[in-house]
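# Commentary on secondary and tertiary structure
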Amino acid sequence: MTPTPLRIGILGASRIAENAMIKPATATGHRLVAVAARSPERARAYAAQHGIERVVGSYAELISDPEVDVVYNALPNSLHGPWNLAAVQAGKHVLTEKPFSSNAVEARAVAEAARVSGVTLLEGFHYLFHPVNRRLLDVVRSGTVGAVTRVETVLRMPKPSENDPRWELALAGGSLMDLGCYGLHASRMLSDVCGGAPVVTETRHEEYAPGVDSWFDIELEYPGGARASVVTTMLDEQYHFTFRVFGTNGDVLVHNFLQPDVDDRVSVTVDGHTSIEHLGTKSSYTWQLEAFADHLSGVSALPIGPGDAVANMTMIDEAYMHSGLGVRPTTIL
């Protein structure tokens, strides 16, 4: 059964929306019905550039638009919680950029509103939908590399411009919020084979602006004794995103778990022998949108939901509290 085309409204004329929503929607036959941005001029130029059907005058107008079925939230981090909340209260399905909200308090409020409204709300951990990362999870869960001993995620990127929202505490910025959320999420996805969810045991960071981390490293421990590390920085010279799991018999490595369209290799090493698999360079964002549409059409279930988002934001808060930086400010309550 072919899913019914979604009618999508975009909150924010952002850079991320082009790869995360516009290209996937165009490739899969979904409609880009409307866009709203802080600047009407920017919204009009953005709509013309990307083939979006029309511009609306405000975020509130977009989420109340009767022609919009799905709201895609590409606003700065601090606006994820408030507008996710407003959208689900308006009865709209939501695919939101990560992080889900500014903190776990906001996340719980939004998740509860989605439960009451009965809508679908997905945090955009797109990596999870791509075959390279599904393969890693399957290899580990099958016992191919033995019992898990260590999980490592490394997330490095070049420095954003000085006026980028990721450097502002009021906009819920920081390396942990922008990159570390992925590493924590990936580590949590192995809870089922590690005796339960990991807990934060150690953090290290550098403060670039007041309360805002330029790099943030986390050590974790699972109830079963395995350990994990999440290494992030927004000060590197290039992009580097690896996801690796070590076991008693070997290890499995995804060479670029956030950009498998750039590098789709999965390396599996068992008893000293390494095999390399190539699992396709279709965008992980396209895989994600296809899964979202399938779910709304009743074809298949999603692997994560609002409860997962709350759990991930809770772990982010724990890491920030452990570091002494404190959680990102609440903006919806």
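My aim in this report is to walk through the structure given alongside it, one point at a time. (Residues numbered from 1 in each chain as written. Predicted model: local features only at pLDDT ≥ 70, side-chain atom pairs only at ≥ 80, totals over all residues. Heavy atoms only, no water.)

## Digging into the pattern of salt bridges
Pairing between side chains becomes possible if they bear opposite charge and their charged atoms approach one another. The tally for this structure, following the rule as stated, stands at 21 salt bridges. One salt bridge in this structure joins arginine 31 and glutamate 53, with 2.8 Å as the shortest N-O distance. A residue pair is termed long-range when its members are at least 10 positions apart, and arginine 31 in strand S2 (residues 31–36) and glutamate 53 in the loop between helix H2 (40–50) and strand S3 (54–55) qualify at 22 residues. Judged by relative accessible area, which is 33%, arginine 31 ranks as partly exposed. As a salt-bridge pair, aspartate 263 and arginine 265 come within 2.7 Å of each other at their nearest N and O atoms. Its relative accessible area of 18% is what places aspartate 263 among the buried residues. The class for arginine 265 is partly exposed, based on a relative accessible area of 29%. Salt bridges linked by common partners bring Arg15, Lys98, Asp164, Arg166 and Asp178 together as one network. (Salt bridge = Lys/Arg side-chain N within 4 Å of Asp/Glu carboxyl O. Helix = DSSP H or I, 4+ residues; strand = E, 2+ residues; numbered from the N terminus. Buried < 20%, exposed > 50% of the residue type's maximum accessible area, 1.4 Å probe, protein only.)

## Details of the side chain of lysine 98
The residue lysine 98 is located in the loop between strand S5 (93–96) and helix H5 (104–117) in this model. Here lysine 98 falls in the buried class, since its relative accessible area comes to 8%. At 2.8 Å, the side chain of lysine 98 forms a polar contact with the backbone oxygen of aspartate 178. Among all residues touching lysine 98, those that are not within four sequence positions of it are Asn77, His80, Glu123, Gly124, Phe125, Met177, Asp178, Cys181 and Tyr182. (Polar contact = N/O pair within 3.5 Å; in protein donor to acceptor, adjacent residues only side chain to side chain. Contact = heavy atoms within 4.5 Å.)

Scope: geometric values only; no functional claims are made or implied.
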